[in-house]
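Descriptive structure summary
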Amino acid sequence: MMIRLHSLATTTPKTRAAIQASDEPAWVLAERYGTTEQTVLKWRGRDSVHDRSHTPHRLQTVMTPAQEAVAVELRKTLLVPLDDLLSVVREFLNPAVSRSGLDRCLRRHGVGSLRALKAKQPKPKHGTFKTYEPGYIHIDVKYLPQMADEKKRRYLFVAIDRATRWVFVRIFGSKAAANARRFLRELEEACPIRIRTVLTDNGREFTDRLFGERRRPRSGRHEFDRLCEALGVEHRLTRPRTPQTNGMVERFNGRVEDVLQSHRFRSGEELEATLSRYVWLYNQELPQSALGGQTPLQAAMDWHRRKPELFKKIPEHLPGCHR
């Protein structure tokens, strides 16, 4: 058993037991064991050879238990800092209270930390997306970092199906309306699902609706709108300054950003190959918690078994990229 001795102790449990068992005078034992007569008499008067607790038996406080209870309740109710509470206690309870004494009182009663007492503001919960059948596509554009062998940065067009989480991407040199139109056409060709609706933000590549003082309804003559009409696809727009509406594709863009930050690319071609590989793995191999642990391919196959009319072809292979 480990024995803990006071740092200033001049005796050990063995010498203390010897003192208690001896009938010799105290001065003789003091000289023998190199201690004082008072120490010898102290241990003779005890039944144990172990040190007692050095914690004071009486608290050094000028407040009564009733005053302490009031101070604690004031702390809980008002949630005031220590110095403000000290002023109140000195004014109405006990003028002799010191700052350190009040602090010790609060700590003893478990209210020493004001931050812990304050109710934490609940974090806003992420809203769940409304359930849709396959064919509701979110589309967005993400900037890509400029590589050493490139003269300008490029843009990643991303589409994701809300029901199956299937992703399709293409890289273009600009985010002009012509490229948005080209992306939609290639998406429609590659997607095994019958696209019914696409949701985009209010970028000029997707719409001619303006914001602020010049905000106006879209004309429907934008080339992206005209292609949607030709394909029989409804084009919906997010509300201005509400990127969370298109949050599904924004979350995937966050995954892409993680890939970009964790790799060092020597060329634009290497970057493009890495993104293509990642999208393929995402569609074919990566289980999604939102899909109950299924991959996008498995979710698409499951939907196809239940509602084959929603598909143009069997989703046996979902490449996610188009060359």
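Look a little higher up for the structure.
What you see is a predicted model, and the numbers here were worked out from it, not measured in a lab. By convention here, each chain's residues receive numbers from 1 onward along its written sequence. The model is predicted, so local features are restricted to residues of pLDDT at least 70 and side-chain atom pairs to those at 80 or more, both for listing and for counting; the totals for chains, interfaces and linings are taken over all residues. As a convention, hydrogens and water are excluded, and side-chain values are obtained from all of the structure's heavy atoms.

1. A few points about the nonpolar core
Residue types Ala, Val, Leu, Ile, Met, Phe, Trp, Tyr and Cys, when buried and joined through side-chain atoms within 4.5 Å, form a set referred to as a nonpolar core. Three labels apply to residues, based on accessible area from a 1.4 Å probe with only protein chains included: buried if under 20% of the type maximum, exposed if over 50%, partly exposed otherwise in between. With 28 residues, the main nonpolar core has Ile139, Phe157, Leu187, Val198 and Phe224 as its most contacted residues. Elements with a contribution of two residues or more to this core: strand E1 (136-143), strand E2 (155-161), strand E3 (167-172), helix H8 (177-190), helix H9 (223-231) and helix H12 (296-306). At five residues, the largest contribution of residues to this core is made by H8. For this analysis, residues touch if any pair of their heavy atoms sits within 4.5 Å. Those residues in contact with Phe224 that sit more than four places away from it in its chain are Ile139, Ala180, Arg181, Leu184, Val198, Thr200, Glu205, Phe206 and His235. Grouped together as the second largest cluster of nonpolar side chains are 20 residues, Leu144, Met147, Leu156 and Ile160 included. Here a helix means four or more residues in a row that DSSP labels H or I, a strand means two or more in a row labelled E, and each is numbered from the N terminus.

2. Notes on the pattern of salt bridges
Any carboxyl oxygen of Asp or Glu within 4 Å of a side-chain nitrogen of Lys or Arg constitutes a salt bridge here. Taken as a whole and judged by the stated rule, the model has 15 salt bridges. In this structure, Arg182 and Glu186 form a salt bridge, with 3.3 Å as the shortest nitrogen-oxygen distance. Of this pair, Arg182 and Glu186 both sit in helix H8, four residues apart, which is roughly one turn of that helix. When its relative accessible area of 11% is taken as the criterion, Glu186 is described as buried. In this structure, Glu270 engages Arg266 in a salt bridge whose closest nitrogen and oxygen atoms are separated by 3.1 Å. Note on Arg266: relative accessible area 69%, which makes it exposed. One network of salt bridges, in which partners are shared, links Glu150, Arg154 and Glu272.

3. Brief notes about the packing of helix H4 (residues 65-78) against helix H6 (residues 99-108)
To obtain an axis, a line is fitted to C-alpha atoms, over the contacting stretch when the element is a helix, and the angle between two such axes runs from 0 to 180 degrees between their N-to-C directions. Direction vectors running N to C along H4 and H6 enclose 75°, while the axes themselves pass 10 Å from each other. Relative to H6, the element H4 lies roughly perpendicular. Along the contact surface, H4 presents Glu68, Ala71 and Arg75, while H6 presents Leu102, Cys105, Leu106 and Arg108. Each residue is assigned to one class: nonpolar for Ala, Val, Leu, Ile, Met, Phe, Trp, Tyr, Cys and Pro, charged for Asp, Glu, Lys and Arg, and polar for all the others, Gly among them. Taken together, the residues of the contact of H4 with H6 break down into four nonpolar, no polar and three charged. With respect to orientation, any angle under 35 degrees is reported as roughly parallel, any angle over 145 as roughly antiparallel, any angle of 65 to 115 as roughly perpendicular, and every other angle as oblique.

4. Comments concerning unusual backbone geometry
One non-glycine residue with positive phi stands out, namely Leu79, at about 55°. Residue position: Leu79 is located in the loop between H4 and helix H5 (82-92). The backbone phi angle of Arg165 is positive, close to 65°, even though this residue is not glycine. Turning to its location among the elements, Arg165 is positioned in the loop between E2 and E3.

5. As for the sheet that holds strand E5 (residues 234-237)
Any two strands with at least two DSSP-identified bridges between them are counted as paired. The strand order across the open sheet built from five strands is E3-E2-E1-E4-E5, with neighbouring strands paired in mixed fashion. The sheet is open, and its two edges are formed by E3 and E5, each paired on a single side. Ignoring which end each strand starts from, the neighbouring axes of this sheet average 25° apart. In terms of strand pairing, E1 meets E2 through seven bridges, oriented antiparallel. Within E2, the position partnered with His138 by the bridge is Ile160. Strands E1, E2, E3 and strand E4 (197-200) of the sheet are contacted by H8, whose axis makes an angle of about 145° with E3.

6. Comments concerning the environment of Val40
When you line up the elements, Val40 lands in helix H3 (residues 37-44). A relative accessible area of 0% means that Val40 is categorised as buried. Distance in space between the C-alpha atoms of Val40 and Ile19 is 6.7 Å, their sequence separation being 21 residues.

7. Focus: the pairing of E3
The element E3 is largely enclosed, with a buried count of six among its six residues. Side chains Val167, Val169 and Ile171 project from E3 onto one buried face, and the interleaved Phe168, Arg170 and Phe172 project onto a second face that is buried too. For E2 and E3, the ladder comprises six bridges, and the chain directions are antiparallel. Following the sheet pairing, Tyr155 is matched in E3 by Phe172. Taking the residues between adjacent antiparallel strands as the criterion, E2 and E3 are bridged by five residues, where Arg165 takes a positive phi near 65°.

8. What to know about the side chain of His304
Following the sequence through the fold, His304 ends up in helix H12. On the accessibility criterion, His304 (18% relative accessible area) is buried. Residues in contact with His304, not counting those within four places in the same chain, are Phe311, Lys313, Ile314 and Pro315.

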